[in-house]
Amino acid sequence: MYPLPVAQDADTGSNSVKTYKLSANEHFSIEVSVGGDGVSAELVLQKALDREEQPVMTLTLTAVDGGKPARSGTVQIHVNVIDVNDNTPSFTKSLYKVSVGEMLPIGTTILKLNATDLDEGSNSDIRYYLMKRGNVDSPEKFIVTPESGEIVVRAHLDYEENNAYELRVRATDQGGSPRSGYSKVLVEVVDVNDNAPEISITSLMIKEDAELGTIVAFLTVSDKDGGNNGVANCQVEGSVPFKLKSNYKNDYSLVVDGPLDRENTSLYNVTITATDEGNPPLSSIRIITVHVSDVNDNAPRFMEPVINVYVKENSPGGSIIYTINASDPDMDDNAKLTYKLLDSSPKNILISSVVNINSETGDIVSLQSFNYEELKTFQFKVQATDSGVPPLSSNVTVNVFILDENDNSPAVLAPYSEHGSVNSENIPYSAEAGYFVAKIRAVDADSGYNALLSYHLSEPKGNNLFRIGTSTGEIRTKRRMSDNDLKTHPLVVLVSDNGEPSLSATVSIDVVVVESTADIQTQFRHVPIKEENFSDLNLYLLIAIVSVSVVFLLSLISLIAVKCHRTDGSFSRYSAPMITTHPDGSWSYSKATQQYDVCFSSDTLKSDVVVFPGPFPPVDAEIYSVYFPF
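Residues numbered from 1 in each chain as written. Predicted model: local features only at pLDDT ≥ 70, side-chain atom pairs only at ≥ 80, totals over all residues. Heavy atoms only, no water.

Rule in force here: UniProt positions are given in the numbering used here, feature names are shortened, and annotations may be inferred rather than shown by experiment.
The name an unreviewed UniProt entry assigns to the protein chain is Cadherin domain-containing protein, from the organism Scophthalmus maximus. Quoted verbatim from the Subcellular location (unreviewed entry) field of the UniProt record, the comment on the protein chain reads "Cell membrane".

Below you can see the structure in the form of C-alpha cells.
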C-alpha cells in the first residue's frame, strides 16, 4: 500500500472530509481509514503491473465531504512503473540460413544476428555468444562479435572437409539476473572447383605377346569436389599401343590396343589425363610405367650366314682357331646361348675328331695339327640354342681353310740326285755359246708361291762359263771354250722356293769338256736337236701339247664359272675372264669383281695351279696338279 495525500476541508464537523474515491482502473484501489488526524486513504495494488504494457498510469483521487449537498475535490496521481528484468532476449528468427563459398577469405562477415529485449536499460543490453553445441569445431571456424552479433569466418572453409555447419547462438541481457535467448545458424558451404581429380593405379605385368584387350592396369579416378566439379573424364595422351576402357562410373582399365615387341620397346611411359567438368576445369596427369616382359620369340642370330676361318698348317692342337658369337635380342634365359657342332663336311672327316667347341663361350678349338698337303679345307655347322621354353636355335656354316706354310724343301728329280753325290755331264770343246748342258728338274710338295721354284748356280768356277735359267733350270754355256778353260767344271745348282722363309735344295754336277762329240755319252740327257725337217714325232708332240693346254684352259674357265655361279647365284653377273702370264712363270686370272692368282711353273714335271681371290683362297678353292711333258 502506498499512502495518498490527505485532503483539507475548511468546514468542520459533518461538513469535513468524509471519504475518498479512486478513478476506476484494474490495478489499484484505495483503502480509507478514519483516525485522530481525520480521514486518510492508501493506494492498494490489486493486480501486477507490466511496464512493457503501460509504463505510466494516471489515477484521479476524489475527496468527498459530509455536507449537504456534498462537495468534493480531486487530485491527479501519476504512477511510474519501474522496469524489472522480466523479459528474455528474443531473436528475430529461430533458424538462420546462410550460404558461403569455400574459398571465402578469413575475416569475412557472413551474418549479423539480431535479438531484442522488451526491458530497458541494462536489462535490454544484449551480448551474443556461440555455444559449443552442434559441430564440435564450429567455434574454431567462426567467431561472433558480442556487441554487434556479426558472425565472422575465422578459419579456412573446405567443402570437401565439411559442407555444412550448425551453430548455436545465445543472446544474453545485462540485467541483474541476466536472461538469455537462443537460436540456430545453419552455414552451408558452397563447393568451388578447387580440387583436381586424383588417379589411383594398380599396375599389372604384361607380356610382349599379349593379345588385344589384355588388361595392363586398373585406374580409379576421384574428385573431392561436388556436382559437376567432381565429374572427371580420363584419356590416354600420345601414340601408345594402349587405350582406356570404362568399367563402372570412375573405374577404368588400361588395355592393350596394338602389337607389343619388347625388343623394340621394353618400357612405355603412358600418360593418363583426368579432367573435371568444373569452371574453369581442373586436370591432373599420372604417368604409368608399363614394363613389357620378354617372350622367347627370337632365335639366336649370327652376324653372317657363313663364317670363313683360316688356320695355318702345323698350328699346335688345342689352340682356339675362332670364337663363334651369336646374339639373341631376347633377355635372361631366353637370351642365354649354348653352342654345339653339327657334322656337315662333305668329305669323310669326323668333325668331332678335328675340332671341338666350348658350349658356353663358343670357342672353336683345334684337336690336332693340320697338314695342308693332306687336308686343305673342311666344313661344319655350329648350332646356337637359347634357354627359352621352348628353345629356339639357328645354324651357321663354318668353312675352315688350311693355309699352306713353307714346310717342304724342293726335291730334285731324276736323273740328278740331291747334294751328296756328284753327277757328270760332257760337252764338246767346240760347243758354241748357248750350248745346252743339262736341265735340272725339281718339285715342291707345298703350293702356291711356296712351290714356285727358282734355279741358281751357287758356286760358279772357272771363267764363268755357264749360266742357268732361273725358271727353267736349263744349264747352258755363256761363250765358246778357250784353251785357258778347265777341262772339268764342278757346278752346284741351288733350287729355292719363294716361301717365307725360303727353303732350298742343291745338286752337284761336274761338266767335263771333251774333244769331240763322239765321246759324249750321257744317259737320260735331253739335248735339243735341231732337225732340218719337221718330223712326224714333233707334229704329234705339238698336237698333244696344244690339246692338253686347251683342255686345261677350258677346265679352268669352267671351274671358275661354276664356282662363281654357286657363290653369287647368277653367272651373268661376271664379265669375261682374263688370264695374264708373268715372266716368273705365274698366271693371273682376273675378272671385273674378283682376281685370282694362278701359280704355274713350266719347268717342273708337276705344276701346282692355285686359284684363290684376295689374300686367301675361298672355301671351294682346290689345288690342281697338272703334268706337262717337256
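After that view, the rundown keeps rolling.
## Quick word on the side chain of Glu-102
Selection criterion: Runs of H or I in DSSP of at least four residues are treated as helices and runs of E of at least two as strands, each being numbered from the N terminus. Relative accessibility thresholds used throughout: buried, under 20% of the residue-type maximum; exposed, over 50%; partly exposed, between the two (1.4 Å probe, protein chains only). Just so you know, the count uses Lys and Arg for positive and Asp and Glu for negative, and it drops His and the chain ends. What makes a salt bridge here is a side-chain nitrogen of Lys or Arg within 4 Å of a carboxyl oxygen of Asp or Glu, nothing more. Think of a polar contact as two N or O atoms within 3.5 Å of one another; within protein, one of them needs to be a possible hydrogen donor and the other a possible acceptor, and neighboring residues in sequence only count if both atoms come from side chains. When checking whether two residues touch, look at their non-hydrogen atoms; a contact exists if any pair is within 4.5 Å.
Tracing the backbone through its elements, the reader meets Glu-102 in the loop between β8 (95-101) and β9 (109-112). Of the side chains bearing the opposite charge, Lys-141 lies closest to the buried Glu-102, which forms no salt bridge; the N-O distance is 10 Å. A polar atom in the side chain of Glu-102 sits 2.7 Å from the backbone nitrogen of Tyr-159. Only 2.7 Å separates the side chain of Glu-102 from the backbone nitrogen of Val-192, close enough to count as a polar contact. Setting aside chain neighbours within four positions, we find Glu-102 in contact with His-156, Leu-157, Asp-158, Tyr-159, Glu-160, Val-189, Val-190, Asp-191, Val-192, Asp-194 and Asp-225.

## Topic: the pattern of salt bridges
Under the criterion given, the structure shown has eleven salt bridges. Between Asp-294 and Arg-262 there is a salt bridge; the shortest N-O distance is 3.1 Å. Taken as a pair, Asp-294 in the loop between β23 (283-293) and β24 (301-302) and Arg-262 in the loop between β21 (251-256) and β22 (267-276) lie far apart in primary sequence, 32 residues in all. With respect to burial, Asp-294 and Arg-262 carry one shared label: buried.

## Quick word on the packing of aromatic side chains
Each aromatic ring pair is described using two quantities: the centre-to-centre distance and the angle formed by the ring planes. Applied cut-off: A pair of aromatic rings is counted whenever rings of Phe, Tyr or Trp (Trp by its six-membered ring) have centres within 6.5 Å, and the orientation is called stacked for planes under 30 degrees apart, edge-to-face for over 60 and tilted otherwise.
The final tally for this structure, using the stated rule, is seven aromatic pairs. For the ring pair Phe-242 and Tyr-268, a centre distance of 5.4 Å and an interplane angle of 85° mean the geometry is edge-to-face. Highlighted residues: Phe-242 in strand β20 (residues 242-248) and Tyr-268 in strand β22, separated in sequence by 26 residues. The same class applies to Phe-242 and to Tyr-268, which are both buried. Each ring, one from Phe-370 and one from Phe-378, has its centre 5.7 Å from the other, and the planes form 35°; the classification is tilted. Each member of the pair, Phe-370 as well as Phe-378, carries the same accessibility label: buried. Among the aromatic side chains, those forming a connected cluster through ring pairs are Phe-91, Tyr-96 and Tyr-128.

## Considering the sheet that holds β8
What counts is decided by this rule: Two strands make a pair as long as DSSP finds a minimum of two bridges between them. Axes here mean lines fitted to C-alpha atoms, for a helix over just the part in contact, with angles spanning 0 to 180 degrees between N-to-C directions.
Spatial ordering of the open sheet is given by β8-β15-β14-β11, a layout of four strands whose pairing is mixed. Pairing within the sheet leaves two strands with one partner each, and these edge strands are β8 and β11 (126-131). Going across the sheet, the axis of each strand differs from the next one's by a mean of 30°, ignoring polarity. Bridge count for β11 against strand β14 (residues 164-173) is six bridges, and the pairing is antiparallel. Paired with Tyr-129 across the bridge in β14 is Arg-170.

## Side note on unusual backbone geometry
The linkage connecting Lys-68 with the following residue, Pro-69, adopts the cis geometry, with an omega of -10°. With respect to the helices and strands, Pro-69 occurs in the loop between β5 (56-65) and β6 (72-80). Cis geometry is found at the peptide bond from Ala-414 to Pro-415, where omega equals 10°. You can see Pro-415 is positioned in the loop between β33 (411-412) and β34 (422-428). One non-glycine residue, Lys-249, lies in positive phi territory at about 50°. Relative to the elements of secondary structure, Lys-249 occurs in the loop between β20 and β21. Owing to a relative accessible area of 63%, Lys-249 belongs among the exposed residues under this scheme. Of note, Asp-332 is a non-glycine position whose phi angle comes to about 55°, a positive value. With respect to the secondary-structure elements, Asp-332 resides in the loop between β27 (326-327) and β28 (337-342). With a relative accessible area of 61%, Asp-332 lands in the exposed category.

## A few points about the UniProt feature "transmembrane region" (unreviewed entry) in the protein chain
Feature annotation in UniProt assigns "transmembrane region" (unreviewed entry) to the following positions: residues 539-562. Helix makes up 100% of residues 539-562 and strand 0%, with an end-to-end C-alpha separation of 34 Å.

## With respect to the sheet that holds strand β19 (residues 232-237)
Taking strand neighbours across the sheet as the criterion, the four strands line up as β17-β23-β22-β19 in an open arrangement whose pairing is mixed. Taken across any chain shown, the strands that pair with only one partner, and hence form the sheet edges, are β17 (206-207) and β19. The sheet contact formed by β19 and β22 spans six bridges and is antiparallel. Counted as the bridge partner of Glu-237 is Thr-271 from β22.

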